[in-house]
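One-letter residues, chain by chain:
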Amino acid sequence: MSILDATIVNVAVPTLGRRFHATISSIQWVMTAYLLAFATVIPLSGWLSRRFGATRVWIGALAVFMAGSVLAGVSWSLGTLVLSASSRVSAAG
C-alpha cells in the first residue's frame, strides 16, 4: 500500500501543483510528510500489536487511513493535504 501511495503522489505532482497553485518543492512536502510518518509508525506498530492485539490495531489503522483518505480527497489547501498524507500512513505500518 505504501508503494502505491508513493507512486500516486509522484504521478500527481504536476496536477497537485496546478490545483493548489504551488511549486513542485512545496508539493513534495506531501511525500515527505508521508515518509516521515511512515518511519515513525513502523516501530510503533509492533509495540501496539503486542499491547492491544494485531486485529484491533489493524482495524484502528484502517479507520484512520480511511479518514485520512477522505480528508485528502476534500483538501482545500496544501496544508490539509500534507496533514492527510501523514495520517494515512497508519494503515501502512
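Quick note: structure is the one above.
What counts, and where the lines are drawn
Residues numbered from 1 in each chain as written. Predicted model: local features only at pLDDT ≥ 70, side-chain atom pairs only at ≥ 80, totals over all residues. Heavy atoms only, no water. Helix = DSSP H or I, 4+ residues; strand = E, 2+ residues; numbered from the N terminus. Buried < 20%, exposed > 50% of the residue type's maximum accessible area, 1.4 Å probe, protein only. Contact = heavy atoms within 4.5 Å. Areas by Shrake-Rupley, 256 points an atom, 1.4 Å probe, with all protein chains shown as cover. Axes fitted to C-alpha atoms, helices over the stretch in contact; angles between N-to-C directions. Parallel < 35°, antiparallel > 145°, perpendicular 65-115°, else oblique. Left-handed = near helix turned anticlockwise from the far one by under 90°. Patch = residues over 30% accessible without salt bridge, like charges linked within 9 Å, V, L, I, M, F, W, Y side chains within 5 Å. Salt bridge = Lys/Arg side-chain N within 4 Å of Asp/Glu carboxyl O. Polar contact = N/O pair within 3.5 Å; in protein donor to acceptor, adjacent residues only side chain to side chain. Expected span 1.5 Å × (residues − 1). Bend = angle between axes of the 7 residues up to and from the residue.

Caption draft 1: Here's a closer look at the overall build of the protein. Regarding its fold elements, the protein presents four helices and zero strands. Counting from the amino terminus, the protein carries its helices and strands in the arrangement α-α-α-α. Along the first, second and third principal axes, the C-alpha atoms of the protein reach 45 × 20 × 20 Å. Burial statistics for the protein: of 93 residues in total, 30% are counted as buried. Put simply, of all contacts in the protein between residues at least 6 apart along the chain, 68% involve residues at least 24 apart. Total accessible area on the protein is roughly 5900 Å²; 71% of this is exposed by carbon and sulfur atoms.

Caption draft 2: Spatial organisation of the environment of Trp29. Residue position: Trp29 is located in helix 2 (residues 24–52). By relative accessible area, which is 53% here, Trp29 ends up exposed.

Caption draft 3: Just the packing of helix 3 (residues 54–73) against helix 4 (residues 78–87), in detail. One way to put it is that helix 3 packs onto helix 4 with a least axis distance of 8 Å and a crossing angle of 160°. Judged on the interaxial angle alone, helix 4 and helix 3 are roughly antiparallel. Like other packed secondary-structure pairs, helix 3 and helix 4 cross with a definite hand, here left-handed. Note on element contacts: helix 4 touches helix 3 through Thr80, Leu81, Ser84 and Ser87, opposite Val64, Gly68, Leu71 and Ala72.

Caption draft 4: The arrangement of a nonpolar patch on the surface in detail. Taken together, the side chains of Leu44, Trp47 and Phe52 make up a nonpolar region of the molecular surface, amounting to roughly 310 Å² of accessible area. Assignment of secondary structure puts Leu44 in helix 2. Exposure remark for Leu44: the relative accessible area of 41% places this residue in the partly exposed category.

Caption draft 5: Focus on the packing of helix 2 against helix 4. Between helix 2 and helix 4, the least distance of the axes is 7 Å, while the angle of their chain directions is 20°. Put simply, helix 2 runs roughly parallel to helix 4. Crossing hand, helix 2 versus helix 4: right-handed. Here Ser26, Ile27, Trp29, Val30, Ala33, Tyr34 and Ala37 of helix 2 lie close against helix 4, whose contacting residues are Leu78, Leu81, Val82, Ala85 and Ser86.

Caption draft 6: Summary view of the side chain of Ser45. Take Ser45: it is sitting in helix 2. At 2.9 Å, the side chain of Ser45 and the backbone oxygen of Ile42 are in polar contact.

Caption draft 7: Inspection of helix 2 at higher detail. Given a rise of 1.5 Å per residue, 29 residues ought to cover 42 Å, and the 40 Å separating the end C-alpha atoms of helix 2 matches this to within 8%. If you look at helix 2, its biggest bend is around 35°, right at Leu44. Just downstream of helix 2 lies Gly53, where phi reads positive at about 100°.

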